[in-house]
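Here's the letter readout for the chains.
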Amino acid sequence: MTSNRLDRRWREYVTAVTAEYARLAADERVWIAGQLVRIEGLQVELDALFRRGDGPAVCARCRGACCDCGKNHFTLVNLLAFVAAGETPPQPDFALPCPFLGPSGCRLEVARRPFNCVTFICEPILAPIGNAGYDAFHELERELRRGYLDFDERYAGSSLRGLLIRGERRAGRPFLERLSPRPD
């Protein structure tokens, strides 16, 4: 897909989700807010482990090579974090390998970064945090995955595969269309 087409899709999806969110019932917004607080907290905890492993210095040395693989990781959950706060996410640059990578690193704050971005910690970062840090990382990753999957089980337009990929599959249908609850 060309950069212009991705830009157009991005704008369409941001506009659609913002309008859908505005029409949600208050109790649905409360559910989203609670889930976002949980997800944001877990992402900040994962970032603390990343920093404990000297992540910023490791990334600076390799110049964010893993970020070059992150083109479509931004999800409905990440967009809702901005929309619920009455904010607009930074404009992605789809000509870059990661559309949110800037000259100083990621342009998204840790609490609003995609799942794949906050849960990918390479060996040079994992090694210094030891076994306890490694175990904590995996526990936090499981909890965070559950938070994202809660959205996937609730809304038809949510997917860890990313907003742009899911939007293509939705073909104009609402992102925040509720899925039927699963029987217990």
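Since we're looking at a predicted model, the values are computed, not measured.

### Side note on unusual backbone geometry
Alright, step 1. The backbone phi angle of A171 is positive, close to 50°, even though this residue is not glycine.
Alright, step 2. Take A171: it is sitting in the segment after α7 (163-170).

### Things to note about empty space enclosed by the protein
Alright, step 1. Following the criterion strictly, the structure yields two cavities of 30 Å³ or more and no others.
Alright, step 2. If you add up the space inside the second largest cavity, you get close to 30 Å³.
Alright, step 3. In terms of lining, the second largest cavity is formed by L36, I39, E40, Q43, V77, N78, A81, A111, R112 and Y148.
Alright, step 4. Here the residues of the lining of the second largest cavity are counted per class, giving six nonpolar, two polar and two charged.

### Observations regarding the nonpolar core
Alright, step 1. Ranked by size, the top nonpolar core spans 44 residues in total, and within it I32, F74, L76, L80, L144, F151 and L163 carry the most contacts.
Alright, step 2. Elements that contribute at least two residues to this core include exactly α1 (3-23), α2 (26-52), α4 (76-84), α5 (115-119), α6 (123-154) and α7.
Alright, step 3. With eight residues, the single largest contributor to this core is α6.
Alright, step 4. Apart from residues no more than four positions distant in its own chain, L163 is found in contact with W10, Y13, F74, T75, L76, L79 and F175.

### Re the environment of A171
Alright, step 1. Since its relative accessible area comes to 61%, A171 is described here as exposed.
Alright, step 2. The spatial distance from the C-alpha of A171 to the C-alpha of C98 is 24 Å, given a sequence separation of 73 residues.

### Thoughts on the confidence of the model for the chain
Alright, step 1. Averaged over all residues, the pLDDT of the chain is 91; the fraction at 70 or higher stands at 96%.
Alright, step 2. Confidence, expressed as mean pLDDT per element, reaches its minimum in the chain at helix α3 (residues 55-62) with 79 and its maximum at α4 with 98.

### A few points about the packing of aromatic side chains
Alright, step 1. On inspection of all chains with the given rule, the structure shows 10 aromatic pairs.
Alright, step 2. Pairing W10 with F100 gives two aromatic rings, centres 5.8 Å apart and planes at 65°, and the pair type is edge-to-face. Of the two residues, W10 sits in helix α1 while F100 sits in the loop between α4 and β1 (101-102), which places them 90 residues apart along the sequence.
Alright, step 3. Judged by relative accessible area, W10 falls into the buried class, the value being 5%.
Alright, step 4. The exposure class of F100 is buried, given its relative accessible area of 5%.
Alright, step 5. Put simply, the rings of W10, F74, F82, F94 and F100 pair up and form one aromatic cluster.
Alright, step 6. When the ring centre of W31 is taken as reference, the NZ or CZ atom of R154 above it lies at 4.0 Å.

### Brief notes about the side chain of E20
Alright, step 1. The topology assignment puts E20 in helix α1.
Alright, step 2. Among buried charged residues, E20 stands out as having no salt bridge; its nearest opposite-charge side chain is R23, 5.2 Å away.
Alright, step 3. Leaving out residues up to four positions away in the same chain, E20 has contacts with P174, F175, L176 and E177.

### A closer look at the packing of α2 against α6
Alright, step 1. Running from amino to carboxyl end, α2 crosses α6 at an angle of 165°, the nearest separation of the two axes being 9 Å. Classified by the angle their axes make, α2 and α6 are roughly antiparallel. Regarding α2 and α6, the two cross each other, and that crossing is left-handed.
Alright, step 2. Taken together, the residues of the contact of α2 with α6 break down into 16 nonpolar, four polar and nine charged.

Procedures and definitions
Residues numbered from 1 in each chain as written. Predicted model: local features only at pLDDT ≥ 70, side-chain atom pairs only at ≥ 80, totals over all residues. Heavy atoms only, no water. Helix = DSSP H or I, 4+ residues; strand = E, 2+ residues; numbered from the N terminus. 1 Å grid on protein atoms, 1.4 Å probe; cavity = no way out; pocket = protein on both sides within 12 Å on 5 of 7 lines; lining within 4 Å. Points joined across faces, edges and corners; volume = space filled by probe spheres on them. Nonpolar A, V, L, I, M, F, W, Y, C, P; charged D, E, K, R; others polar. Core = buried A, V, L, I, M, F, W, Y, C linked by side-chain atoms within 4.5 Å. Buried < 20%, exposed > 50% of the residue type's maximum accessible area, 1.4 Å probe, protein only. Contact = heavy atoms within 4.5 Å. pLDDT = per-residue confidence, 0-100. Phe/Tyr/Trp six-rings, centres within 6.5 Å; stacked < 30°, edge-to-face > 60°. Lys NZ or Arg CZ within 6 Å of the ring centre and 35° of its normal. Lys, Arg positive; Asp, Glu negative; His and termini not counted. Salt bridge = Lys/Arg side-chain N within 4 Å of Asp/Glu carboxyl O. Axes fitted to C-alpha atoms, helices over the stretch in contact; angles between N-to-C directions. Parallel < 35°, antiparallel > 145°, perpendicular 65-115°, else oblique. Left-handed = near helix turned anticlockwise from the far one by under 90°.

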